[in-house]
Amino acid sequence: MKKSKVWRVKGFEGSFSDEELIELIRNGELKPDYAITTREMKKWIRLKDSIYQYYLRSEENETIQ
């Protein structure tokens, strides 16, 4: 199955799939104030204000041992 590259990141070349965007966030390459958009969106939205904010906090959501 081909991954749909729908996301653009302000300041980055090209488009990204959901999986690629999540990987960039987890690797620390995208920060909370970076803006994303799709063709259907009329505005840019910050990662920390998007559904992807969950992945910005992945370390906080880890299981406590």
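Residues numbered from 1 in each chain as written. Predicted model: local features only at pLDDT ≥ 70, side-chain atom pairs only at ≥ 80, totals over all residues. Heavy atoms only, no water.

(A) Structural context of the overall build of the protein chain. Secondary structure assignment for the protein chain yields two helices and three strands. Counted from the first residue to the last, the protein chain has its helices and strands arranged as β-α-β-β-α. For the protein chain, the residues scored as buried account for 25% of the 65 residues in total. The long-range fraction of contacts in the protein chain, counting pairs at least 24 apart against all pairs at least 6 apart in sequence, stands at 35%. Accessible surface, the protein chain: about 5400 Å² in total, of which carbon and sulfur atoms supply 47%. (Helix = DSSP H or I, 4+ residues; strand = E, 2+ residues; numbered from the N terminus. Buried < 20%, exposed > 50% of the residue type's maximum accessible area, 1.4 Å probe, protein only. Contact = heavy atoms within 4.5 Å. Areas by Shrake-Rupley, 256 points an atom, 1.4 Å probe, with all protein chains shown as cover.)

(B) Geometry of the pattern of salt bridges. Tallied over the full model, the rule gives four salt bridges. Notably, a salt bridge pairs Glu20 with Lys5, separated by 2.9 Å at the nearest N-O pair. Taken as a pair, Glu20 in helix α1 (residues 18-26) and Lys5 in the segment before β1 (8-9) lie far apart in primary sequence, 15 residues in all. Between Arg46 and Asp49 there is a salt bridge whose closest N-O contact spans 2.8 Å. (Salt bridge = Lys/Arg side-chain N within 4 Å of Asp/Glu carboxyl O.)

(C) Quick peek at the sheet that holds strand β2 (residues 35-37). Spatial strand order, β1-β2-β3: three strands in an open sheet with antiparallel pairing. Pairing within the sheet leaves two strands with one partner each, and these edge strands are β1 and β3 (45-46). In terms of strand pairing, β2 meets β3 through two bridges, oriented antiparallel. Along β3, the bridge assignment pairs Ile36 with Ile45. (Pairing = 2+ DSSP bridges.)

(D) Representation of the side chain of Ser17 within the structure. In this fold, Ser17 is placed in the loop between β1 and α1. In this view, Ser17 contacts Lys3, Ser4, Lys5 and Trp7; residues no more than four positions away in its chain are not counted.

(E) Representation of the environment of Lys10. Locating Lys10 in the fold gives a position in the loop between β1 and α1. Separated by 35 residues in sequence, Lys10 and Ile45 have C-alpha atoms that sit 9.8 Å apart. Sequence-distant contacts of Lys10, defined by excluding residues within four places in its chain, comprise Ala35 and Trp44.

(F) Representation of the environment of Tyr55 in the model. Residue position: Tyr55 is located in helix α2 (residues 53-56). Along the primary structure Tyr55 and Leu24 are separated by 31 residues, whereas in three dimensions their C-alpha atoms are 9.9 Å apart.

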